[in-house]
Amino acid sequence: MRGKDVTLDGVSITYPNGFTAVHPTDLTVHAGEFFSILGPSGCGKTTILRAVSGFVEPTGGRILIGGDDQQGKTPNARPTALIFQNLALFPLMSVRDNVAFGLEARGISKRDRLAKAEELLALVALGDQGDKKPTELSGGQRQRVAIARALAVEPAVLLLDEPLSALDLKLRQHMRAELRAIQQKTGVTFIYITHDQGEALTMSDRIAVMNAGRIEQVGTGDEIYSSPTTAFAASFVGEVNQFPGRVSGLDGDMALIDTALGRMRGRNPRDLKPGDDAILFVRPENLGFETGAGLANQLDARLERRDLEGAFINLQMRAGQAGLPVAMHLTNTGAVPTIAPDATTRIGFTCDSALVLPDGPVARTGREEMAAQ
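Residues numbered from 1 in each chain as written. Predicted model: local features only at pLDDT ≥ 70, side-chain atom pairs only at ≥ 80, totals over all residues. Heavy atoms only, no water.

Draft legend 1. Examining unusual backbone geometry more closely. Here the phi dihedral of Ala125 falls at roughly 60°; this positive angle occurs in a residue that is not glycine. Following the sequence through the fold, Ala125 ends up in the loop between α3 (110-123) and α4 (139-152). Since its relative accessible area comes to 51%, Ala125 is described here as exposed. Even without glycine at this site, Ala212 takes up a positive phi of about 50°. Locating Ala212 in the fold gives a position in the loop between β9 (206-211) and β10 (214-219). (Helix = DSSP H or I, 4+ residues; strand = E, 2+ residues; numbered from the N terminus. Buried < 20%, exposed > 50% of the residue type's maximum accessible area, 1.4 Å probe, protein only.)

Have a look at this one:
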């Protein structure tokens with residue numbers, strides 16, 4: 001098997017009711033790449049997947065696979081295979097027959113399709129499970145059957161629509177490694193849809209962060225996490241502290257921003273100018289205690305909650321008269337000072353660890369999601 005590149009050339013998708021699910025989008029997924037599209041529910045990521053597979057026709061633009069325009073081609077005429085959330089395995093068929101089903105539909109002889117099925121079951125570490133029914137397998141094993149069945153038709157591009165969402169946390173974490181290993185063995189191009197940042201960061205060569213029908217940023221996991229380019233990307237991928245305000249001055253590649261907690265300083269990758277509305281972002285793991293640290297950005301915060309997670313201690317703080325939420329993630333080395341509940345302490349962070357970005361839409365935090373439910 002060998003993957004092919006996928007190119008979206010100005011692709012847009014608007015439904016008959018006038019709703020635009022995908023605004024004009026340019027995107028290239030490289031051949032043999034594990035590429036994830038990450039975003040909240042309703043952002044348009046599944047619509048893109050369905051367009052690549054042929055189940056949705058773009059309103060505008062072109063989709064090319066291996067340089068070949070896919071306009072007018074039905075799903076079974078495209079070099080793609082799609083794995084749905086519910087897997088859609090046939091419960092009355094054996095695992096082996098499930099894997100061979102697509103080959104039978106293509107007229108492959110029984111002998112050849114069963115041999116291919118055995119080869120693929122061995123690839124996904126289910127070589128001794130062929131005679132079982134899907135209902136006799138675990139959730140993770142059923143996932144691997146679905147992958148083997150999709151690979152049986154030798155697609156150049158495998159499309160996966162949140163296939164791990166129904167699994168428990170430990171099994172999801174295990175299957176991340178399994179999926180990545182299978183992709184690397186086969187060389188097939190994987191396009192993976194997810195709202196789970198952990199999945200995207202763990203498995204992907206590159207990630208596209210999507211919101212409201214538009215791709216906000218494309219980059220490696222390290223680039224997306226450490227150097228987000230928009231307020232939404234910064235707030236959606238990983239936990240982050242946000243301090244909105246207005247740029248009041250510049251100092252080399254740094255911006256000074258006046259916030260409700262005072263003046264702060266951070267990197268200025270978007271070349272903001274004085275007077276621009278902005279948000280300063282800093283990751284919880286980059287905050288520390290001021291004493292002896294000489295941290296340039298400092299604020300007083302009151303301890304609201306302390307959560308012990310074994311190797312890590314998470315502190316939820318409130319800062320300023322408005323009680324702005326501030327999170328700190330600290331390594332549990334035994335050196336973390338003890339803070340009494342509701343006690344106020346000084347914390348801070350370096351300028352280099354902070355990022356000042358243009359004001360714009362931000363992702364809802366976990367607290368806001370729970371409050372809305």
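Draft legend 2. Structural view of the pattern of salt bridges. A complete count under the given rule lists 17 salt bridges for this structure. Notably, a salt bridge pairs Lys73 with Asp68, separated by 2.5 Å at the nearest N-O pair. Take Lys73: its relative accessible area is 28%, and that puts it in the partly exposed class. Exposure remark for Asp68: the relative accessible area of 36% places this residue in the partly exposed category. In this structure, Arg96 engages Glu118 in a salt bridge whose closest nitrogen and oxygen atoms are separated by 2.4 Å. Linking Arg96 in helix α2 (residues 95-105) with Glu118 in helix α3, this pair joins segments that are 22 residues apart in sequence. On the basis of relative accessibility, which here comes to 17%, the residue Arg96 falls in the buried class. The structure contains a network of salt bridges with shared partners spanning Arg96, Glu118 and Asp131. (Salt bridge = Lys/Arg side-chain N within 4 Å of Asp/Glu carboxyl O.)

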